Amino acid sequence: MGILQELLKDIPVPKMAKVNVKFDDKMIDDLSAALKEKLQQEQITKTVQPGMEIAIAVGSRGLDRLVELTAVTVQFLKDLGAKPFIVPSMGSHGGATAEGQREVLAHLGVTEESAGCEIRSSMEVVKISELPNGLPVYVDKYASEADGIVVINRVKPHTAFRGPVESGIMKMISIGLGKQKGAEACHQMGFKYMAENVPAMAKIIMEKTPFLFGVATVENAFDKVAIVEALTQEEIVEKEPGLQTQAKALLPKLFFDQLDVLVIDEIGKNISGDGMDPNITGRYPTPYASGGPDVNKMVVLDVTHQSEGNANGVGTADFTTKRLLDKMDLEGTYANGLTSTVVAPTKIATTLPNDKQAIQAAVKTCNILDFRNVKLVRIKNTLKLSEIEVSEPLLDYITNHPNMELGSELYEFPFDEDGNLF
């Protein structure tokens, strides 16, 4: 028996119970009708003149009903006599190539056929200004030459910084429209200053380009559109902070202040840019964001097939498995850190041979006197939180919580003969 097995052989794994978690599930059923109504407001329609060539910025995130949002916006502009086209607006995503960014849009379902207009993809940008601190401000060349610019994006909390404006329309303008060079410039000073640099860059771009309006959504805890708005340049500055507040209120969460161990079955770029959403786990890649539970030890067991080996986020955990490590594409993972300048999440967590030992290691090191009293929660990933599993010491808390109810009796962790969960 090896030294690790010897150290872990007597560490108990707790019995678990299923728990059903309730979140606000309000959503917009007829999104097309709701968006059309917002777009028909006079302050929006008067920004569009017949014959205008209008660039629509569409990003790389999997927004709920992105294809529908894009198609409705394109048709609205066409109905007013404009000539819309799409520019991929996703910083350095898609391998920072024109064709790669076109492919990212296609993967999300946004094609020339689905949108009803041309897609013009290029990594070429023009520098239009500088911030007072010297940071250059870039804009996609096609967008800079258009008669108007429209941006579509979801408003949500960022995973690495806090401010009145985080992820949303202004970030799409400053980083998305700036392509690889814009993303690099905005990240250059680090996340400490992102809350200042994102809106500052966005305001300059809106002032110095023919920016028309933004289409903003806020999603509920189940990633369905709960709010949709069409906002003029002035309204974006005025109203985006309020949408950010609403997005935070609707965010799914783990309703625990403190946990000894959090076990996450899978991470991946298809789940979060950070592999797992730090707003859920309470583990952030920078010191400039906060919120969520205080987790003593965190375990990540696997990486999704869709992530193609990009295990960004595994370094935020304390323990992982050989299975994840064997699937990890080091180059792809490390490239993530080089672009964002945040490299802690791309480190490799302490790696154990199987799921059971990874969980035992977390229990052993979670700094409690009696391991049988471990407060442990297991989730599939940070997108799926309506059903979780909890250990026995948390059952009384669950029984008395308005958002949670017990879904099963206690049972043993289902390990196979190799010590992995099934």
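No experiment lies behind these values; they were computed from the predicted model shown.

1. Brief notes about the packing of aromatic side chains
Throughout the structure, instances matching the rule amount to 6 aromatic pairs. Look at Phe76 and Phe213: their rings are 6.1 Å apart centre to centre, the planes differ by 75°, and that puts the pair in the edge-to-face class. Taken as a pair, Phe76 in helix α4 (residues 66-79) and Phe213 in strand β8 (residues 211-219) lie far apart in primary sequence, 137 residues in all. Plain terms: the ring middles of Phe256 and Tyr397 are 5.5 Å apart, the flat faces sit at 40° to each other, and that makes the pair tilted. Here Phe256 is found in the loop between α11 (233-250) and β10 (258-264), whereas its partner Tyr397 is found in helix α16 (residues 395-399), with 141 residues between them in sequence.

2. As for empty space enclosed by the protein
Under the criterion given, the structure shown has 1 cavity of 30 Å³ or more. Of the pockets and cavities examined, the largest cavity occupies roughly 40 Å³. Lining the largest cavity we find Asp274, Met276, Pro278, Thr281, Arg283, Pro285, Gly313 and Thr316. Across the lining of the largest cavity, the residue classes break down as 3 nonpolar, 3 polar and 2 charged.

3. Looking at the side chain of Asn381
Looking at where Asn381 falls in the secondary structure, it is placed in the loop between β14 (376-379) and β15 (387-391). By relative accessible area, Asn381 is classed as buried at 3%. A polar contact is formed between the side chain of Asn381 and the side chain of Glu266, at a distance of 2.8 Å. Separated by 2.8 Å, the side chain of Asn381 and the backbone nitrogen of Leu383 make a polar contact. If we skip the residues at most four places from it in the chain, Asn381 touches Ile264, Glu266 and Ile271.

4. With respect to the packing of helix α2 (residues 31-39) against α4
Between α2 and α4, the shortest axis-to-axis distance is 10 Å and the interhelical angle comes to 40°. One way to sum up the angle between α2 and α4 is to call them oblique. Read as a crossing pair, α2 and α4 show a hand that is right-handed. Residue-level inspection shows Leu31, Ser32, Leu35, Lys36 and Leu39 of α2 in contact with α4, the latter providing Glu68, Leu69, Val72, Thr73 and Phe76. Along the lines of polarity and charge, the residues of the contact of α2 with α4 split into 6 nonpolar, 2 polar and 2 charged.

5. Side note on helix α15 (residues 355-364)
Within α15, 8 of the 10 residues are buried, which leaves it mostly tucked inside the rest of the structure. Within α15, burial applies to Asp355, Gln357, Ala358, Ile359, Gln360, Ala361, Ala362 and Val363.

6. What to know about the pairing of β15
With 4 of 5 residues buried, β15 is to be regarded as a mostly interior element. In this structure, strand β1 (residues 16-21) lies alongside β15, joined through 5 bridges in antiparallel fashion. Note on β15: the bridge partner recorded for Met16 is Ser391.

7. A look at the packing of helix α8 (residues 169-176) against helix α10 (residues 194-208)
Relative to each other, α8 and α10 sit at 80°, their axes nearing to 8 Å. Between α8 and α10, the interaxial angle falls into the category roughly perpendicular. In this structure, α8 uses Met170, Lys171, Ile173, Ser174 and Ile175 to contact α10, whose residues at the interface are Met194, Val198, Pro199, Met201, Ala202, Ile205 and Met206. Its residues assigned to classes, the contact of α8 with α10 shows 10 nonpolar, 1 polar and 1 charged.

8. Remarks on the nonpolar core
Grouped together as the largest cluster of nonpolar side chains are 46 residues, with contacts concentrated most on Val151, Ile173 and Leu177. Counting residues per element, this core draws most heavily on α10, at 7 residues. In terms of nonpolar packing, the next biggest core, distinct from the first, is built from 34 residues, Leu31, Ile119, Val215 and Ala230 among them.

9. Some remarks on the pattern of salt bridges
Evaluated as defined, the whole model comprises 22 salt bridges. Among the salt bridges present, the one from Arg120 reaches Glu118, with a minimum N-O distance of 3.2 Å. Residue classification places Arg120 among the buried positions, given a relative accessible area of 18%. Of the charged contacts in the structure, one is a salt bridge between Asp318 and Arg283, with a shortest N-O distance of 2.7 Å.

Conventions used here
Residues numbered from 1 in each chain as written. Predicted model: local features only at pLDDT ≥ 70, side-chain atom pairs only at ≥ 80, totals over all residues. Heavy atoms only, no water. Phe/Tyr/Trp six-rings, centres within 6.5 Å; stacked < 30°, edge-to-face > 60°. Helix = DSSP H or I, 4+ residues; strand = E, 2+ residues; numbered from the N terminus. 1 Å grid on protein atoms, 1.4 Å probe; cavity = no way out; pocket = protein on both sides within 12 Å on 5 of 7 lines; lining within 4 Å. Points joined across faces, edges and corners; volume = space filled by probe spheres on them. Nonpolar A, V, L, I, M, F, W, Y, C, P; charged D, E, K, R; others polar. Buried < 20%, exposed > 50% of the residue type's maximum accessible area, 1.4 Å probe, protein only. Polar contact = N/O pair within 3.5 Å; in protein donor to acceptor, adjacent residues only side chain to side chain. Contact = heavy atoms within 4.5 Å. Axes fitted to C-alpha atoms, helices over the stretch in contact; angles between N-to-C directions. Parallel < 35°, antiparallel > 145°, perpendicular 65-115°, else oblique. Left-handed = near helix turned anticlockwise from the far one by under 90°. Pairing = 2+ DSSP bridges. Core = buried A, V, L, I, M, F, W, Y, C linked by side-chain atoms within 4.5 Å. Salt bridge = Lys/Arg side-chain N within 4 Å of Asp/Glu carboxyl O.

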